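Residue-level listing of the chains:
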Amino acid sequence: MAQRKRRLVSGELTEAALQLLASKGFDAVTIDEIATAAGVSKRTFFRYFASKEDVVVQFLGDLGAGMREELAARPAGERPSAALLHAVSVSLTACTPPDHAERALCVVRLILRTPALRARFMERQARWREDLTAELARRQGTGADAGLYPRLAAGMALTAFDAVLERWSDGDGAEDPLALLERAFALMAPALDGAAL
């Protein structure tokens, strides 16, 4: 029951913040306004989030863990490019859902165009890179520091993820993000698969 209430309050705060930030801009919205819009106190806000940056970045928060889990679940003999494409595409779909494309577009734009949010997003991605590197090394049967390949492959996958988010948001969501991701991985596949041999 307590966990359900916690998710509900967190969701209400997130929704209120995203609506305010999308309409007024990041710098124009205060934590007081977010709390008031969600119908909670400022103190309650701080029980759930450390800052307004955290509210927005939470939207993309668990994607890294999802990428690693998806990669770990792929068949052992699968080409690295196919396994990574699958892992990244699941996370991309989670942050650009077709049924909430308008909201997702606003949030992605907000993150990519607000320096404080972009910095926080990049901090998260550094953790994702470590997770993907460790999983790629495990799949190869080596330690994460045993070679350049796991780190480079993880970096390439996340660079593709970033490039797709940027192109999708710059194009007002007109292009299919999954199709863009597939094109990016088609370009990277020879390097990902050839270097893994």
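Please refer to the structure placed before this passage.
So, here is what we can say about the structure in this document. (Residues numbered from 1 in each chain as written. Predicted model: local features only at pLDDT ≥ 70, side-chain atom pairs only at ≥ 80, totals over all residues. Heavy atoms only, no water.)

Digging into the overall build of the chain
Using the following cut-off: Here a strand is any run of E in DSSP of at least two residues, a helix any run of H or I of at least four, and the numbering for each starts at the N terminus. The globule rule is 2.2 Å times the number of residues to the power 0.38, and the radius of gyration it is compared with is taken over C-alpha atoms. In this scheme, a residue with accessible area under 20% of its type's maximum is buried, one over 50% is exposed, and one in between is partly exposed, where area comes from a 1.4 Å probe on protein chains only. What makes two residues a contact is simply this: any of their non-hydrogen atoms within 4.5 Å. Accessible surface is estimated by sampling points in the Shrake-Rupley manner with a 1.4 Å probe; for residues, cover comes only from the protein chains shown. By the counting rule applied here, Lys and Arg register as positive and Asp and Glu as negative, while His and the ends of each chain are not counted. Every charge is mapped to an atom, namely NZ of Lys, CZ of Arg, CG of Asp or CD of Glu.
Summing up its helical and strand segments, the chain has 10 helices and 0 strands in all. Mapped in sequence order, the helices and strands of the chain form the string α-α-α-α-α-α-α-α-α-α. For the chain, the C-alpha radius of gyration of 18 Å lies close to 16 Å, the compact-globule estimate for 197 residues. A principal-axis box enclosing the C-alpha atoms of the chain has dimensions of 55 × 35 × 30 Å. For the chain, the residues scored as buried account for 45% of the 197 residues in total. Excluding contacts between residues fewer than 6 apart, the proportion of contacts in the chain whose partners are at least 24 apart in sequence is 68%. As displayed, the chain has an accessible area near 10,200 Å², and 55% of this comes from carbon and sulfur atoms. Of note, the chain has its 25 positive side-chain charges centred 5 Å away from the centre of its 26 negative side-chain charges.

Comments concerning the packing of aromatic side chains
Going by this rule: Any pair of Phe, Tyr and Trp rings, taking the six-membered ring for Trp, is counted once the centres come within 6.5 Å. Such a pair is stacked with planes under 30 degrees apart, edge-to-face with planes over 60 apart, and tilted for the rest. Working rule: Lys NZ or Arg CZ, within 6 Å of ring centre, within 35 degrees of ring normal, means a charge sits over the ring.
On inspection of all chains with the given rule, the structure shows 4 aromatic pairs. Relative to Phe49, the ring of Phe45 has its centre 5.8 Å away and its plane inclined at 45°; by these criteria the two rings are tilted. When the centroid spacing of 5.8 Å and the interplanar angle of 85° are considered together, the rings of Phe121 and Trp128 count as edge-to-face. Phe121 gets classed as buried once you look at its relative accessible area, which sits at 1%. Its relative accessible area of 3% is what places Trp128 among the buried residues. Every member of this aromatic cluster is reached through a ring pair, and the members are Phe45, Phe46 and Phe49. Sitting over the face of the ring of Phe26, Lys52 holds its NZ or CZ atom 4.5 Å from the ring centroid.

As for helix H8 (residues 115–140)
Rule in force here: For a helix, the expected span equals 1.5 Å multiplied by the number of residues minus one.
With 26 residues, H8 should reach 38 Å at 1.5 Å per residue; the first-to-last C-alpha distance of 37 Å fits that figure. What H8 keeps buried is the set Leu117, Phe121, Arg124, Gln125, Trp128, Leu132, Thr133, Glu135, Leu136 and Ala137. Remark: Gly141 follows H8 within two positions and exhibits a positive phi of approximately 80°.

A few points about helix H2 (residues 31–38)
Which entries qualify depends on this criterion: The directions considered for the arc are those from the helix axis to the C-beta atoms.
All buried positions along H2 are accounted for by Ile31, Ile34, Ala35 and Ala38. Here the buried residues of H2 occupy an arc of 95° about the axis, which is enough to place them on one side. Opposite its buried face, H2 presents the exposed residues Thr36 and Ala37, each directed more than 90 degrees away. Buried residues in H2 make contact with helix H1 (2–24), helix H3 (42–48) and helix H4 (52–57).

Some remarks on the side chain of Lys52
As a reminder of what qualifies: Salt bridges are defined as contacts in which a side-chain nitrogen from Lys or Arg sits within 4 Å of a carboxyl oxygen from Asp or Glu. The definition of a polar contact used here is a pair of N or O atoms within 3.5 Å, where within protein one atom must be able to donate a hydrogen and the other to accept one, and adjacent residues in sequence count solely through side-chain atom pairs.
For Lys52, the location among the structural elements is in helix H4. We note that Lys52 is buried and unpaired, the nearest opposite charge coming from Asp27 at a distance of 5.2 Å. Looking at Lys52, its side chain comes within polar contact range of the main-chain oxygen of Phe26, at 2.8 Å. If sequence neighbours within four positions are ignored, Lys52 has contacts with Phe26, Asp27, Val29, Ile31, Ile34 and Phe45.

Side note on unusual backbone geometry
Unusually for a residue other than glycine, Asp172 sits at a positive phi of about 60°. With respect to the helices and strands, Asp172 occurs in the loop between helix H9 (149–170) and helix H10 (177–195). Accessibility expressed as a relative area gives 56% for Asp172, which makes it exposed.

Some remarks on the nonpolar core
Selection rule: Among buried residues, those of type Ala, Val, Leu, Ile, Met, Phe, Trp, Tyr and Cys that are joined through side-chain atoms within 4.5 Å constitute a nonpolar core.
Counting 55 residues, the largest nonpolar core has Leu13, Phe45, Val56, Leu84, Phe161, Leu165 and Phe185 as the members making the most contacts within it. Counting residues per element, this core draws most heavily on H9, which supplies 10 residues. Not counting residues within four places of it along the chain, the set of residues in contact with Leu13 comprises Ile34, Ala35, Ala38, Val40, Phe45, Tyr48, Phe49 and Val55.

Points about the side chain of Asp193
For Asp193, the position within the fold is in helix H10. With relative accessibility at 14%, the residue Asp193 sits in the buried group. Among the polar contacts made by the side chain of Asp193, one reaches the side chain of Ser81 at a distance of 2.7 Å. Leaving out residues up to four positions away in the same chain, Asp193 has contacts with Arg79, Pro80 and Ser81.

So yeah, pure geometry; function would need other evidence.
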